[in-house]
Amino acid sequence: TGAVGLYNVGQTCCLNSLLQVFLMNIHFTRILRRMVVPWQNEQKERNVPYQMLLLLEEMQCGKEKAVSPIDLAYCLSAYRVELFVQHDAVQLFLTLWNLIKMQMKKPELVEELNDLYTICVQEHLACQECFAETKRNSSMLTLPLPVLDTNSHVLKTLEDCLRCFFRPEELTDHNMCFCDQCGKRTPFLQSMKLVHLPQVLTIHLKRFCFRRSTYIHKLSHYLPFPQNLDLSAVLTENQCQADDNEKAAWQYELFAVVAHSGSANWGHYCAYIRSLTECKWYCFNDSEVCQVSWDDVKCTYGHYKLHW
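Rules used throughout
- Residues numbered from 1 in each chain as written.
- Predicted model: local features only at pLDDT ≥ 70, side-chain atom pairs only at ≥ 80, totals over all residues.
- Heavy atoms only, no water.
- Helix = DSSP H or I, 4+ residues; strand = E, 2+ residues; numbered from the N terminus.
- Buried < 20%, exposed > 50% of the residue type's maximum accessible area, 1.4 Å probe, protein only.
- Pairing = 2+ DSSP bridges.
- Axes fitted to C-alpha atoms, helices over the stretch in contact; angles between N-to-C directions.
- 1 Å grid on protein atoms, 1.4 Å probe; cavity = no way out; pocket = protein on both sides within 12 Å on 5 of 7 lines; lining within 4 Å.
- Points joined across faces, edges and corners; volume = space filled by probe spheres on them.
- Nonpolar A, V, L, I, M, F, W, Y, C, P; charged D, E, K, R; others polar.

**Q** Honestly, unusual backbone geometry in this entry has me stumped. Any pointers?
**A** Negative phi characterises most residues that are not glycine, and trans characterises most peptide bonds. A positive phi is found at Arg80, a non-glycine position, where the angle reads about 65 degrees. Note that Arg80 resides in the loop between α5 (70–77) and α6 (89–103). The exposure class of Arg80 is exposed, given its relative accessible area of 77%.

**Q** Could you clarify how one ought to interpret the sheet that holds strand β15 (residues 256–262) in this entry?
**A** Backbone-to-backbone hydrogen bonds pair the strands of a sheet. The strands run either parallel or antiparallel. One open sheet holds the four strands; their spatial order is β15-β16-β17-β18, and the pairing between them is antiparallel. Here the strands that pair on one side only, and so sit at the sheet edges, are β15 and β18 (288–292). Taking the axes of each pair of neighbouring strands and ignoring which way they run, one obtains an average angle of 20 degrees across the sheet. As paired strands, strand β17 (residues 281–285) and β18 are joined by five bridges and run antiparallel to one another.

**Q** How should I be thinking about the layout of surface pockets in this particular structure?
**A** The volume enclosed by the second largest pocket comes to roughly 660 Å³. Lining the second largest pocket are 21 residues, with Pro146, Thr150, Cys164, Phe165 and Glu169 sitting closest to its centre. Of all the secondary-structure elements, those providing two or more residues to the lining of the second largest pocket are β5 (143–146), α8 (158–165), β6 (169–171), β9 (188–196) and β11 (208–211). Broken down by element, the residue count for the lining of the second largest pocket peaks at three residues, all from β9. Tallied by class, the residues present in the lining of the second largest pocket amount to 12 nonpolar, three polar and six charged.

**Q** Please clarify how empty space enclosed by the protein should be interpreted in this entry.
**A** Which parts of space are left empty comes out when a probe the size of a water molecule is rolled across the atoms. The tally for this structure, following the rule as stated, stands at two cavities of 30 Å³ or more. Put simply, the largest cavity is a space of about 60 Å³. If you trace the largest cavity, you find it lined by Gln11, Thr12, Leu15, Ala73, Leu76, Val81, Glu82, Leu83, His87 and Leu92. When its volume is computed, the second largest cavity comes out at roughly 40 Å³. Gln11, Cys13, Cys14, Val85, Gln86, His87 and Tyr269 are the residues that line the second largest cavity. A class-by-class count of the residues in the lining of the second largest cavity yields four nonpolar, three polar and no charged.

The following block contains the structure:
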(Lines give C-alpha, C1' and ligand atoms only; values in the text may rest on other atoms or scores of the structure.)
Protein backbone atom coordinates (compact mmCIF):
# COMPACT_ATOMS: atom_id res chain seq x y z
CA THR A 1 0.00 0.00 0.00
CA GLY A 2 3.03 2.30 -0.15
CA ALA A 3 5.27 3.79 2.54
CA VAL A 4 3.51 4.38 5.88
CA GLY A 5 4.50 6.80 8.66
CA LEU A 6 4.60 6.33 12.43
CA TYR A 7 2.96 8.76 14.83
CA ASN A 8 5.16 10.40 17.45
CA VAL A 9 3.77 9.15 20.77
CA GLY A 10 6.16 10.90 23.15
CA GLN A 11 9.49 12.08 21.69
CA THR A 12 9.70 8.85 19.69
CA CYS A 13 11.21 10.34 16.51
CA CYS A 14 14.43 8.41 17.16
CA LEU A 15 12.56 5.13 17.70
CA ASN A 16 10.33 5.78 14.67
CA SER A 17 13.32 6.38 12.41
CA LEU A 18 15.06 3.18 13.49
CA LEU A 19 11.86 1.13 13.20
CA GLN A 20 11.36 2.36 9.64
CA VAL A 21 14.92 1.29 8.74
CA PHE A 22 14.34 -2.18 10.22
CA LEU A 23 10.89 -2.68 8.71
CA MET A 24 11.78 -1.34 5.24
CA ASN A 25 14.55 -3.95 5.06
CA ILE A 26 12.90 -6.95 3.37
CA HIS A 27 15.79 -9.22 4.43
CA PHE A 28 15.06 -8.40 8.08
CA THR A 29 11.27 -8.75 7.77
CA ARG A 30 11.65 -12.18 6.16
CA ILE A 31 13.43 -13.30 9.33
CA LEU A 32 10.88 -11.53 11.55
CA ARG A 33 7.96 -13.34 9.92
CA ARG A 34 9.46 -16.74 10.79
CA MET A 35 9.74 -16.08 14.53
CA VAL A 36 8.11 -18.24 17.18
CA VAL A 37 4.98 -16.42 18.43
CA PRO A 38 4.67 -16.44 22.25
CA TRP A 39 1.67 -18.32 23.65
CA GLN A 40 0.64 -16.16 26.60
CA ASN A 41 -0.70 -12.61 26.26
CA GLU A 42 1.73 -11.31 28.87
CA GLN A 43 4.65 -12.78 26.92
CA LYS A 44 3.32 -11.23 23.70
CA GLU A 45 3.12 -7.80 25.32
CA ARG A 46 6.78 -8.03 26.45
CA ASN A 47 8.21 -9.58 23.28
CA VAL A 48 9.92 -6.93 21.14
CA PRO A 49 10.19 -8.83 17.83
CA TYR A 50 6.55 -9.93 18.11
CA GLN A 51 5.41 -6.33 18.70
CA MET A 52 7.51 -5.28 15.70
CA LEU A 53 5.79 -7.96 13.64
CA LEU A 54 2.34 -6.69 14.69
CA LEU A 55 3.38 -3.16 13.78
CA LEU A 56 4.67 -4.32 10.39
CA GLU A 57 1.38 -6.08 9.65
CA GLU A 58 -0.61 -2.99 10.68
CA MET A 59 1.53 -0.81 8.40
CA GLN A 60 1.19 -3.16 5.44
CA CYS A 61 -2.49 -4.06 5.80
CA GLY A 62 -3.96 -0.74 6.87
CA LYS A 63 -5.11 2.13 4.67
CA GLU A 64 -3.96 4.99 6.90
CA LYS A 65 -1.05 7.28 6.04
CA ALA A 66 0.44 6.56 9.49
CA VAL A 67 -0.02 4.14 12.40
CA SER A 68 0.78 4.36 16.10
CA PRO A 69 3.76 2.43 17.58
CA ILE A 70 2.34 2.85 21.10
CA ASP A 71 2.12 -0.90 21.90
CA LEU A 72 5.75 -1.43 20.89
CA ALA A 73 6.77 1.72 22.80
CA TYR A 74 5.10 0.40 25.97
CA CYS A 75 6.75 -2.98 25.39
CA LEU A 76 10.16 -1.31 25.18
CA SER A 77 9.47 0.75 28.31
CA ALA A 78 9.64 -2.51 30.27
CA TYR A 79 13.29 -2.68 29.16
CA ARG A 80 14.13 0.92 30.22
CA VAL A 81 13.48 2.47 26.81
CA GLU A 82 11.39 5.31 28.20
CA LEU A 83 8.86 7.56 26.48
CA PHE A 84 9.27 11.36 26.61
CA VAL A 85 13.07 11.00 26.65
CA GLN A 86 15.61 12.13 24.04
CA HIS A 87 17.35 8.95 22.87
CA ASP A 88 20.60 8.54 20.96
CA ALA A 89 20.09 6.62 17.71
CA VAL A 90 23.15 4.37 18.05
CA GLN A 91 22.46 3.43 21.67
CA LEU A 92 18.80 2.74 20.88
CA PHE A 93 19.80 0.71 17.80
CA LEU A 94 22.05 -1.49 19.98
CA THR A 95 19.28 -1.87 22.57
CA LEU A 96 16.73 -2.90 19.94
CA TRP A 97 19.17 -5.33 18.34
CA ASN A 98 20.00 -7.03 21.64
CA LEU A 99 16.32 -7.39 22.56
CA ILE A 100 15.39 -8.74 19.12
CA LYS A 101 18.24 -11.24 19.13
CA MET A 102 17.64 -12.33 22.73
CA GLN A 103 13.90 -12.89 22.21
CA MET A 104 14.14 -14.76 18.90
CA LYS A 105 13.77 -18.37 20.04
CA LYS A 106 14.94 -20.18 16.90
CA PRO A 107 18.78 -20.55 16.83
CA GLU A 108 18.76 -20.52 13.02
CA LEU A 109 17.00 -17.12 13.01
CA VAL A 110 19.56 -15.72 15.46
CA GLU A 111 22.29 -16.97 13.13
CA GLU A 112 20.61 -15.30 10.16
CA LEU A 113 20.35 -12.04 12.11
CA ASN A 114 24.08 -12.23 12.85
CA ASP A 115 24.84 -12.83 9.17
CA LEU A 116 22.64 -9.87 8.28
CA TYR A 117 24.17 -7.30 10.64
CA THR A 118 27.33 -8.44 12.50
CA ILE A 119 30.79 -7.12 11.59
CA CYS A 120 33.86 -9.24 12.44
CA VAL A 121 37.24 -7.64 13.13
CA GLN A 122 40.63 -8.75 14.41
CA GLU A 123 42.32 -6.57 17.04
CA HIS A 124 46.13 -6.47 17.12
CA LEU A 125 48.45 -5.32 19.92
CA ALA A 126 52.22 -5.36 19.26
CA CYS A 127 54.92 -4.42 21.78
CA GLN A 128 57.35 -1.96 20.19
CA GLU A 129 60.33 -3.22 22.21
CA CYS A 130 60.18 -7.02 21.96
CA PHE A 131 57.59 -7.11 19.11
CA ALA A 132 55.44 -9.70 20.91
CA GLU A 133 51.99 -9.62 19.33
CA THR A 134 48.53 -10.59 20.53
CA LYS A 135 45.48 -11.03 18.32
CA ARG A 136 41.82 -11.25 19.24
CA ASN A 137 38.74 -11.67 17.06
CA SER A 138 35.66 -9.72 18.06
CA SER A 139 32.32 -8.68 16.60
CA MET A 140 30.56 -5.34 16.42
CA LEU A 141 27.21 -4.10 15.18
CA THR A 142 28.35 -0.73 13.83
CA LEU A 143 31.54 0.84 12.55
CA PRO A 144 31.90 3.91 14.83
CA LEU A 145 33.82 6.23 12.52
CA PRO A 146 35.53 9.42 13.73
CA VAL A 147 34.81 12.61 11.78
CA LEU A 148 37.98 14.28 13.11
CA ASP A 149 41.51 12.92 12.76
CA THR A 150 43.97 12.49 15.65
CA ASN A 151 44.95 16.17 15.34
CA SER A 152 41.28 17.27 15.51
CA HIS A 153 41.24 18.22 11.83
CA VAL A 154 38.00 17.74 9.94
CA LEU A 155 37.86 14.61 7.78
CA LYS A 156 36.50 15.46 4.34
CA THR A 157 34.77 12.24 3.15
CA LEU A 158 33.34 8.98 4.45
CA GLU A 159 36.29 7.15 2.87
CA ASP A 160 38.68 9.33 4.88
CA CYS A 161 36.77 8.40 8.06
CA LEU A 162 37.11 4.70 7.25
CA ARG A 163 40.86 4.98 6.66
CA CYS A 164 41.28 6.91 9.90
CA PHE A 165 39.32 4.30 11.88
CA PHE A 166 41.53 1.43 10.65
CA ARG A 167 44.81 3.38 10.89
CA PRO A 168 47.26 1.89 13.48
CA GLU A 169 47.62 3.91 16.68
CA GLU A 170 50.74 4.22 18.84
CA LEU A 171 50.13 3.75 22.56
CA THR A 172 52.81 5.74 24.36
CA ASP A 173 53.34 7.70 27.60
CA HIS A 174 50.32 7.18 29.90
CA ASN A 175 48.69 4.90 27.29
CA MET A 176 51.47 2.29 27.39
CA CYS A 177 50.49 -1.34 28.07
CA PHE A 178 52.12 -3.98 30.26
CA CYS A 179 54.15 -6.49 28.24
CA ASP A 180 54.49 -9.96 29.79
CA GLN A 181 57.73 -10.70 27.93
CA CYS A 182 59.38 -7.39 28.82
CA GLY A 183 57.99 -7.43 32.35
CA LYS A 184 57.11 -3.76 32.25
CA ARG A 185 54.89 -1.15 30.59
CA THR A 186 56.08 -0.48 27.06
CA PRO A 187 54.90 1.39 23.96
CA PHE A 188 52.47 -0.65 21.86
CA LEU A 189 51.08 -0.42 18.36
CA GLN A 190 47.32 -0.98 18.31
CA SER A 191 45.53 -1.79 15.07
CA MET A 192 42.32 -3.33 13.81
CA LYS A 193 41.79 -5.42 10.69
CA LEU A 194 38.54 -6.17 8.93
CA VAL A 195 37.72 -9.89 8.75
CA HIS A 196 34.09 -10.16 7.65
CA LEU A 197 31.32 -7.75 6.67
CA PRO A 198 27.58 -8.52 6.91
CA GLN A 199 24.89 -8.14 4.30
CA VAL A 200 23.80 -4.86 5.92
CA LEU A 201 26.70 -2.65 7.00
CA THR A 202 25.80 -0.06 9.65
CA ILE A 203 28.08 2.97 9.94
CA HIS A 204 27.95 5.42 12.82
CA LEU A 205 29.45 8.86 12.27
CA LYS A 206 30.69 10.07 15.67
CA ARG A 207 29.53 13.66 15.32
CA PHE A 208 30.43 14.75 18.83
CA CYS A 209 33.43 15.85 20.85
CA PHE A 210 34.07 16.92 24.45
CA ARG A 211 34.83 20.51 25.38
CA ARG A 212 35.63 21.94 28.81
CA SER A 213 36.01 18.38 30.15
CA THR A 214 32.32 17.43 30.30
CA TYR A 215 30.54 19.60 27.71
CA ILE A 216 29.48 17.53 24.67
CA HIS A 217 29.55 19.46 21.42
CA LYS A 218 27.90 18.25 18.21
CA LEU A 219 29.98 18.33 15.01
CA SER A 220 27.70 19.34 12.14
CA HIS A 221 30.24 19.95 9.39
CA TYR A 222 29.70 18.85 5.77
CA LEU A 223 30.76 15.24 5.16
CA PRO A 224 29.61 13.59 1.90
CA PHE A 225 29.05 9.87 1.50
CA PRO A 226 28.63 7.93 -1.75
CA GLN A 227 25.64 5.94 -3.01
CA ASN A 228 27.98 3.01 -3.65
CA LEU A 229 30.87 1.93 -1.45
CA ASP A 230 33.59 -0.67 -2.12
CA LEU A 231 35.42 -1.32 1.16
CA SER A 232 38.11 -3.44 -0.52
CA ALA A 233 39.07 -0.41 -2.62
CA VAL A 234 39.13 1.97 0.36
CA LEU A 235 41.22 -0.06 2.82
CA THR A 236 44.81 -1.25 2.34
CA GLU A 237 45.99 -4.87 2.46
CA ASN A 238 47.31 -4.28 5.99
CA GLN A 239 43.85 -3.21 7.15
CA CYS A 240 42.13 -6.41 6.00
CA GLN A 241 42.35 -9.94 7.33
CA ALA A 242 40.29 -11.61 4.60
CA ASP A 243 40.79 -13.55 1.39
CA ASP A 244 39.94 -12.28 -2.09
CA ASN A 245 36.57 -14.10 -2.15
CA GLU A 246 35.52 -12.37 1.07
CA LYS A 247 36.67 -8.92 -0.10
CA ALA A 248 34.85 -9.34 -3.42
CA ALA A 249 31.57 -9.13 -1.45
CA TRP A 250 32.51 -5.84 0.25
CA GLN A 251 30.50 -3.73 -2.18
CA TYR A 252 27.52 -1.84 -0.83
CA GLU A 253 24.68 0.32 -2.08
CA LEU A 254 23.29 2.94 0.30
CA PHE A 255 19.98 1.82 1.78
CA ALA A 256 19.17 4.24 4.61
CA VAL A 257 20.35 7.34 6.46
CA VAL A 258 19.18 8.21 9.97
CA ALA A 259 19.67 11.98 10.31
CA HIS A 260 19.62 14.25 13.36
CA SER A 261 19.08 18.01 13.51
CA GLY A 262 19.73 20.09 16.59
CA SER A 263 22.42 20.04 19.26
CA ALA A 264 23.93 17.26 21.37
CA ASN A 265 21.22 17.78 24.00
CA TRP A 266 18.07 18.22 21.94
CA GLY A 267 16.80 17.84 18.39
CA HIS A 268 14.83 15.71 15.99
CA TYR A 269 15.45 12.53 13.99
CA CYS A 270 14.16 11.44 10.61
CA ALA A 271 15.11 8.66 8.20
CA TYR A 272 15.81 8.63 4.48
CA ILE A 273 15.28 5.11 3.15
CA ARG A 274 15.53 3.60 -0.31
CA SER A 275 12.76 1.09 -0.96
CA LEU A 276 14.30 -2.22 -1.95
CA THR A 277 11.20 -3.15 -3.96
CA GLU A 278 10.56 0.18 -5.71
CA CYS A 279 14.14 1.55 -5.82
CA LYS A 280 12.80 4.96 -4.73
CA TRP A 281 13.98 7.18 -1.87
CA TYR A 282 11.53 8.24 0.85
CA CYS A 283 11.82 10.64 3.76
CA PHE A 284 10.19 9.27 6.95
CA ASN A 285 9.56 12.19 9.29
CA ASP A 286 7.36 10.57 11.97
CA SER A 287 3.81 10.46 10.49
CA GLU A 288 4.83 12.37 7.35
CA VAL A 289 6.28 10.33 4.47
CA CYS A 290 7.17 11.68 1.05
CA GLN A 291 9.15 10.52 -1.94
CA VAL A 292 12.45 12.38 -2.36
CA SER A 293 15.40 12.53 -4.74
CA TRP A 294 19.07 11.76 -4.13
CA ASP A 295 19.69 15.52 -4.00
CA ASP A 296 17.26 15.68 -1.06
CA VAL A 297 19.18 12.92 0.73
CA LYS A 298 22.36 14.99 0.38
CA CYS A 299 21.04 17.44 2.98
CA THR A 300 22.18 14.87 5.56
CA TYR A 301 25.79 15.49 4.52
CA GLY A 302 25.74 17.96 7.40
CA HIS A 303 24.88 21.56 8.14
CA TYR A 304 24.36 23.46 11.35
CA LYS A 305 20.76 24.28 10.37
CA LEU A 306 19.91 20.89 8.89
CA HIS A 307 16.27 20.61 7.83
CA TRP A 308 14.23 18.39 5.55
